[in-house]
Amino acid sequence: MIELASLRKTFGDTVALEEIDLSVPAGEIHGIVGRSGAGKSTLIRCLTGLERPSSGTVAIDGTDITDQSGSGLREARRSIGMVFQHVNLLDSRTALHNVAHPLQIAGVSKAERLAKARELLEIVGLGDRADNYPAQLSGGQKQRVGIARALAAEPKVLLCDEPTSALDATTTDQILGLIRSLRDRLGITVLIITHEMSVIREICDSVTLLADGRVAKTGKLAEVISEPGSTLAKDLVPLPPIGLDDKGAAEGSESSTSRLVEVSLAGTSLPTVLTSAQAVGVGADSILAGAVETIEGKQVGRIRFTVASAAASKELITALEAEGIYAEEAA
Ligand SMILES: Nc1ncnc2c1ncn2[C@@H]1O[C@H](COP(=O)(O)OP(=O)(O)O)[C@@H](O)[C@H]1O
Ligand SMILES: [Mg+2]
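Residues numbered from 1 in each chain as written. Chains lettered and ligands numbered in written order. Predicted model: local features only at pLDDT ≥ 70, side-chain atom pairs only at ≥ 80, totals over all residues. Heavy atoms only, no water.

Participant: Just to check I follow, could you spell out the state of the cysteines for this structure?
Facilitator: Put plainly, two cysteines are in a disulfide when a covalent bond ties their sulfur atoms together. As enumerated under the stated definition, the model contains zero disulfides in all. Here Cys-46 is not disulfide-linked; the sulfur of Cys-160 is the nearest cysteine sulfur, at 18 Å. Of the cysteine sulfurs around Cys-160, a residue in no disulfide, the closest is that of Cys-204, at 9.6 Å. The exposure class assigned to Cys-160 is buried, which follows from its relative accessible area of 0%. (Disulfide = S-S within 2.5 Å. Buried < 20%, exposed > 50% of the residue type's maximum accessible area, 1.4 Å probe, protein only.)

Quick look at the structure:
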């Protein structure tokens, strides 16, 4: 549904995007993550036709939008709905008329656009709020109106730029649940730009990490998240922070000689790791922290052991590696 090929965008001497190849199949929810300046906004602007790529192609549902101008570009843009962090509703209009607004601009008759807006408000769970003004709605409700408005022209693709960054945790979960149900119900393809790893984990089928304008990593979430030693995998399933005093705590020893060993659960399981560790005298009481999740029926995540010395660390890592388990000393 979304196909980017050899996409490149420069601003003077600044290379914002380089050699971007990305393919998002219809009905998939794809997440884009990356630090500030990585090129996320430029990517989304190229997708909406607001920015013309320096070279390469951007195809939405088989139409190369870099080829289009005038009415062709407007037509292509209609197949894309946009959801932003800040909703920008019209304060003087009710929820119903906000949702109907893009249809009014497109010249749809009053009866038809209001009927469509009513239907969309039902879909986003705000059927009883049609006559409320934005000032009478909570942040999460406003975002729902924004989503309904983005769906008014029946787009094939929903582009969400930091859709939940301004919302609290509970509301975030509700909005993510809504986006997922829209995909399930309408078959819409979703691209989400976010800096929140939890958003990726919760609803994305696949993910791309942008770094310095390039694709640093891309793939199915289950694969990316279980890649041993990968930084993105660590960011996706973070270990709880460790207090300075805790490093040697599980050993009951001074922290000066103790070492931390981080073990990936990718391709293995917690019992297997514990058995291998036990064999070299490292018991479960040496676990300092752990983050374990089950994705598509497999355990992913990491366990951090504390061991008494550099020699013990080396022994543990060697024993685990002999079982095909990825382990490394952590700082
Ligand atoms: N209109 C512009 N003019 C000049 N440089 C730009 C422009 N837009 C973005 N850039 C540069 O392109 C790079 C990527 O920016 P951006 O896409 O905004 O990243 P992100 O959204 O990931 O923070 C940055 O180095 C930024 O300074
Ligand atoms: Mg940006």
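The discussion continues.
Participant: In this structure, what is going on with the sheet that holds strand E8 (residues 189-193)? I would like to understand it.
Facilitator: Two modes of strand pairing occur in sheets, parallel and antiparallel, and in both the strands are linked by backbone hydrogen bonds. The six strands lie next to each other as E6-E7-E8-E3-E9-E10, forming an open sheet whose pairing is mixed. The outermost strands of the open sheet, each flanked by one partner alone, are strand E6 (80-84) and strand E10 (214-220). Here the strands of the sheet are splayed against their neighbours by 15 degrees on average, with no regard to which way each runs. Bridging between strand E7 (residues 157-161) and E8 involves five bridges; their strand directions are parallel. Each bridged residue has a counterpart across the sheet, and for Val-157 the counterpart in E8 is Thr-189. (Pairing = 2+ DSSP bridges. Helix = DSSP H or I, 4+ residues; strand = E, 2+ residues; numbered from the N terminus. Axes fitted to C-alpha atoms, helices over the stretch in contact; angles between N-to-C directions.)

Participant: How should I be thinking about the site of ligand 1 in this particular structure?
Facilitator: Around ligand 1 sit Phe-11, Thr-14, Ala-16, Arg-35, Ser-36, Gly-37, Ala-38, Gly-39, Lys-40, Ser-41 and Thr-42, and that is every residue in its neighbourhood. Here an oxygen atom of ligand 1 and a backbone polar atom of Gly-37 are 2.6 Å apart. Between ligand 1 and the protein, one listed contact pairs an oxygen atom with a backbone N or O atom of Gly-39 at 2.9 Å. Within the complex, 58% of the 560 Å² of free accessible area of ligand 1 lies under protein. Listing elements by their share of the shell around ligand 1, those giving two or more residues are strand E2 (14-24) and helix H1 (40-47). (Near = heavy atom within 4 Å. Polar contact = N/O pair within 3.5 Å; in protein donor to acceptor, adjacent residues only side chain to side chain. Areas by Shrake-Rupley, 256 points an atom, 1.4 Å probe, with all protein chains shown as cover.)

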